[in-house]
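# Fold and contact review
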Amino acid sequence: SKVLQHLRQVMGSGAAVDVTDGQLLRDFVQHQDETAFRALLECYGPMVMGVCRRAQLDAHDADDAFQATFLVLVRKAGAIREQEL
């Protein structure tokens, strides 16, 4: 899908950011900061993809699970109470 292609593009680019995960999450929630989201994706994307691949037998299902994970984060990021965690 287009969203998955975009996520893969984003994961492949960008510079490291010297801020906490909580700061990145707050910047994303409060300011819709795409750079903050990109930094979170770069940090946690490979781990999430690894978990998805181990949990799913089919590569397409793993890709769908990966995409769904970050879509839920986009939609529910503001509901995370302890953003530093």
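Described below are features of the structure shown in this document. (Residues numbered from 1 in each chain as written. Predicted model: local features only at pLDDT ≥ 70, side-chain atom pairs only at ≥ 80, totals over all residues. Heavy atoms only, no water.)

### A short note on the overall build of the chain
Our working definition: Labels follow the DSSP assignment, with helices taken as runs of H or I lasting at least four residues and strands as runs of E lasting at least two, numbered in each case from the N terminus. Classification of residues uses two cut-offs on accessible area relative to the type maximum, computed with a 1.4 Å probe and protein chains only: under 20% is buried, over 50% is exposed, and between them is partly exposed. We call two residues in contact when some of their heavy atoms are within 4.5 Å. For accessible areas, the Shrake-Rupley method is used with a probe of radius 1.4 Å. Any residue's cover is judged against the shown protein chains and nothing else.
The helix and strand inventory of the chain stands at four helices and zero strands. Secondary structure of the chain in N-to-C order comes out as α-α-α-α. Out of the 85 residues in the chain, the part that is buried amounts to 29%. Expressed as a percentage of contacts within the chain between residues at least 6 apart in sequence, the contacts between residues at least 24 apart total 64%. Carbon and sulfur atoms provide 53% of the accessible area of the chain, an area that totals close to 6,000 Å².

### A short note on the layout of surface pockets
Which entries qualify depends on this criterion: Points on a 1 Å grid, built from protein atoms alone, make a cavity when a 1.4 Å probe fits but cannot get out and make a pocket when they are open with protein on both sides within 12 Å along at least 5 of 7 lines; residues with an atom within 4 Å of a point are the lining residues. Grid points are joined across faces, edges and corners, and a volume is the space filled by probe spheres set on the points.
As a volume, the largest pocket reaches approximately 290 Å³. The wall of the largest pocket is formed by 14 residues, among which Leu-40, Tyr-44, Leu-73, Ile-80 and Leu-85 lie closest to the centre. Breaking the lining of the largest pocket down by element, the ones donating at least two residues are helix 2 (21-31), helix 3 (34-55) and helix 4 (59-76). A total of four residues in the lining of the largest pocket trace back to one element, the largest contributor, which is helix 3.

### Quick word on the pattern of salt bridges
Worth spelling out the cut-off: By salt bridge we mean one thing: a side-chain nitrogen of Lys or Arg within 4 Å of a carboxyl oxygen of Asp or Glu.
Inspection of the entire model under this criterion finds one salt bridge. Note that Arg-26 and Glu-84 form a salt bridge whose closest N and O atoms lie 3.2 Å from each other. Here Glu-84 lies in the segment after helix 4 and Arg-26 lies in helix 2, a separation of 58 residues in the sequence. What makes Arg-26 partly exposed here is its relative accessible area of 28%. On the basis of relative accessibility, which here comes to 44%, the residue Glu-84 falls in the partly exposed class.

### Considering the packing of helix 3 against helix 4
Helix packing geometry: the angle between the two helix axes and the distance between the axes. Spelled out, the test is: For helices, the axis comes from a line fit to the C-alpha atoms of the stretch in contact; other axes are also lines fit to C-alpha atoms, and the angle between any two N-to-C directions lies between 0 and 180 degrees. Left-handed describes a crossing in which the near helix is turned anticlockwise from the far one by less than a right angle; the clockwise case is right-handed. Note on residue categories: nonpolar means Ala, Val, Leu, Ile, Met, Phe, Trp, Tyr, Cys or Pro, charged means Asp, Glu, Lys or Arg, and polar means any other residue, Gly included.
Between helix 3 and helix 4, the least distance of the axes is 9 Å, while the angle of their chain directions is 145°. You can see that helix 3 and helix 4 cross each other, and the crossing is right-handed. Counting all contacts with helix 3, which are made through Phe-37, Leu-41, Tyr-44, Gly-45, Val-48, Met-49, Cys-52 and Arg-53, the residues of helix 4 involved are Ala-62, Asp-63, Ala-65, Phe-66, Thr-69, Phe-70, Leu-73 and Val-74. Its residues placed into classes, the contact of helix 3 with helix 4 shows 12 nonpolar, two polar and two charged.

### Topic: a nonpolar patch on the surface
Where we set the bar: Each patch is built from residues that are more than 30% exposed by relative accessible area and take part in no salt bridge. Like charges join if they lie within 9 Å; nonpolar side chains (Val, Leu, Ile, Met, Phe, Trp, Tyr) join within 5 Å.
Residues Tyr-44, Met-47 and Val-51 make up a contiguous nonpolar surface patch of roughly 270 Å² in combined accessible area. Position of Met-47 among the secondary structure elements: in helix 3.

### Examining unusual backbone geometry
With phi around 50°, Gln-32 is a residue other than glycine that occupies positive phi space. Here Gln-32 lies in the loop between helix 2 and helix 3. With relative accessibility at 56%, the residue Gln-32 sits in the exposed group.

Shape is all these values report; function is a separate question.
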